[in-house]
Amino acid sequence: MAGVKLLGFWASSFAYRVIWTLKLKGINYEYIEEDLRNKSQLLLHHNPVHKKVPVLLHGDKAVAESLVILEYIEETWPENPLLPTDAYERAMARFWINFGESKNATFFQFYKSASGEEQEKAIKETVEILKIIEEQSLGDKKFFGGEAIGLVDIAFGWLAYWFEGIEEAAGTKLLNSTTFPRLHAWIQNFKQVPVIKENLPDRQKLWAHSKRFRESLIQQTFQIEL
């Protein structure tokens, strides 16, 4: 089998999507940590369009963008499937994955908004999205696809760990056992899956990184407004 390598960054939830998928599939790979302030020629060569992580290298093939990589892995290594076998259920899984990805800008706005009307608007929109995810996608299931973890869970996996750091940085708690009990229960179930539990960045280090990055974003916005 052609060798597999993953270019990633320790704090990237997008890179962890790929790590979790590779490990759930039982695929051996080499992980290469990238310095995003001084990107390697390997990264720039294999992802010349976006110049971002993650990038999966499979032999002489390079695949960029986390969700595209997940689909590539699922199709290339069909063992231990992470998408449903039923065509309709598979389509619904892809719908919710795409829905979540289409809302990244709203979550990011919540993350970087400082105060006032802008923050209030971002909070309201974020809560509405979480409500849709809980009520219409997750429902009463243990995982998004039922009793076993799948690609939808992996795509939403950042909510189970990174979102708490975003809330901490923003100084606003939105997702807890009272406001979103089913999503909160899913988070506990997700983090108890051995592959997930054993492959998460250091919590305090991640939160400190999240705070620093948010402060730099707010400062940039302030300078632009000046």
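Residues numbered from 1 in each chain as written. Predicted model: local features only at pLDDT ≥ 70, side-chain atom pairs only at ≥ 80, totals over all residues. Heavy atoms only, no water.

Participant: Which residues make up the pattern of salt bridges, and what values do they have?
Facilitator: If you walk through the whole model with that rule in mind, you get 10 salt bridges. Residue R94 is joined to E71 by a salt bridge in which the shortest nitrogen-to-oxygen separation is 2.8 Å. Linking R94 in helix 4 (residues 87-102) with E71 in helix 3 (residues 66-76), this pair joins segments that are 23 residues apart in sequence. Given a relative accessible area of 30%, R94 falls into the partly exposed group. Among the salt bridges present, the one from E167 reaches K173, with a minimum N-O distance of 3.0 Å. Judged by relative accessible area, which is 4%, E167 ranks as buried. We classify K173 as partly exposed; its relative accessible area is 47%. (Salt bridge = Lys/Arg side-chain N within 4 Å of Asp/Glu carboxyl O. Helix = DSSP H or I, 4+ residues; strand = E, 2+ residues; numbered from the N terminus. Buried < 20%, exposed > 50% of the residue type's maximum accessible area, 1.4 Å probe, protein only.)

Participant: Tell me what's going on with the packing of aromatic side chains, and back it up with residues and numbers.
Facilitator: Counting across every chain of the model gives 18 aromatic pairs. Judged by centre distance (5.3 Å) and plane angle (75 degrees), the rings of W96 and F99 are edge-to-face. One end of the pair, W96, and the other, F99, are both in helix 4, 3 residues apart, so they sit about a helical turn from each other. We classify F99 as buried; its relative accessible area is 15%. An aromatic cluster is defined as three or more aromatic residues linked by ring pairs; in this entry it consists of Y16, W20, F144, F156, Y161, W162, W186 and F190. Just above the ring of W10 sits the side chain of K205; from NZ or CZ to the centre is 4.3 Å. (Phe/Tyr/Trp six-rings, centres within 6.5 Å; stacked < 30°, edge-to-face > 60°. Lys NZ or Arg CZ within 6 Å of the ring centre and 35° of its normal.)

Participant: Tell me about helix 5 (residues 104-112), and name the residues and values.
Facilitator: Of the residues making up helix 5, those classed as buried are T106, F107, F110 and Y111. For helix 5, the arc enclosing every buried residue in end-on projection is 145 degrees, short of the 170-degree limit, so these residues lie on one face. (Arc of directions from axis to C-beta.)

Participant: Describe unusual backbone geometry, and please don't skip the residues or the numbers.
Facilitator: Residue P54 is bonded to the preceding V53 through a cis peptide linkage, with omega at 5 degrees. Of note, P54 is situated in the loop between helix 2 (41-46) and strand 3 (55-58). Even without being glycine, K51 reaches a positive phi, approximately 60 degrees. Assignment of secondary structure puts K51 in the loop between helix 2 and strand 3. Relative accessible area serves as the criterion here: at 37%, K51 is assigned to the partly exposed category.

Participant: I'd like a description of the packing of helix 6 (residues 116-138) against helix 9 (residues 181-192), backed by residues and values.
Facilitator: The contact between helix 6 and helix 9 brings their axes to 9 Å, and the two run at 75 degrees. Between helix 6 and helix 9, the angle is such that the two are roughly perpendicular. Along the contact surface, helix 6 presents L130, I133, E134, E135 and L138, while helix 9 presents P181, R182, L183 and W186. Of the residues assigned to the contact of helix 6 with helix 9, the class counts are 6 nonpolar, no polar and 3 charged. (Axes fitted to C-alpha atoms, helices over the stretch in contact; angles between N-to-C directions. Parallel < 35°, antiparallel > 145°, perpendicular 65-115°, else oblique. Contact = heavy atoms within 4.5 Å. Nonpolar A, V, L, I, M, F, W, Y, C, P; charged D, E, K, R; others polar.)

Participant: Pulling in residues and values, what's your account of the UniProt feature "domain: GST C-terminal" (unreviewed entry) in the protein?
Facilitator: The residues that UniProt annotates with the feature "domain: GST C-terminal" (unreviewed entry) are residues 86-213. For residues 86-213, the helix share is 70%, the strand share is 0%, and the end-to-end C-alpha distance is 42 Å. (UniProt positions renumbered as here; feature names shortened; annotations may be inferred.)

Participant: So what about the pairing of strand 4 (residues 61-64)? Which residues, and what values?
Facilitator: The pairing of strand 3 with strand 4 spans 4 bridges and is classified as antiparallel. Counterpart to L57 in the pairing with strand 4 is A62. Between the end of strand 3 and the start of strand 4, which pair antiparallel, lie 2 residues, with G59 showing a positive phi angle near 65 degrees. (Pairing = 2+ DSSP bridges.)

Participant: So what's going on with a nonpolar patch on the surface? Which residues, and what values?
Facilitator: Nonpolar side chains collect at one region of the surface, where Y88, M92 and F95 lie side by side and expose about 320 Å² of accessible area between them. For F95, the position within the fold is in helix 4. F95 sits in the partly exposed class, given a relative accessible area of 43%. (Patch = residues over 30% accessible without salt bridge, like charges linked within 9 Å, V, L, I, M, F, W, Y side chains within 5 Å. Areas by Shrake-Rupley, 256 points an atom, 1.4 Å probe, with all protein chains shown as cover.)

Participant: Give a detailed account of the sheet that holds strand 3, specifying residues and quantitative values.
Facilitator: Taken in spatial order, the 4 strands make up an open sheet running 2-1-3-4, and their pairing is mixed. Because the sheet does not close on itself, it has two edges, and the strands there are strand 2 (30-33) and strand 4. The sheet shows a mean angle of 20 degrees between the axes of neighbouring strands, taken without regard to direction. Of the strands in this sheet, strand 1 (4-8), strand 2 and strand 3 touch helix 1 (residues 13-25), which is tilted by about 155 degrees from strand 1. In the packing of helix 3 onto the sheet, contacts are made with strand 3 and strand 4, and the angle to strand 4 comes to roughly 130 degrees.

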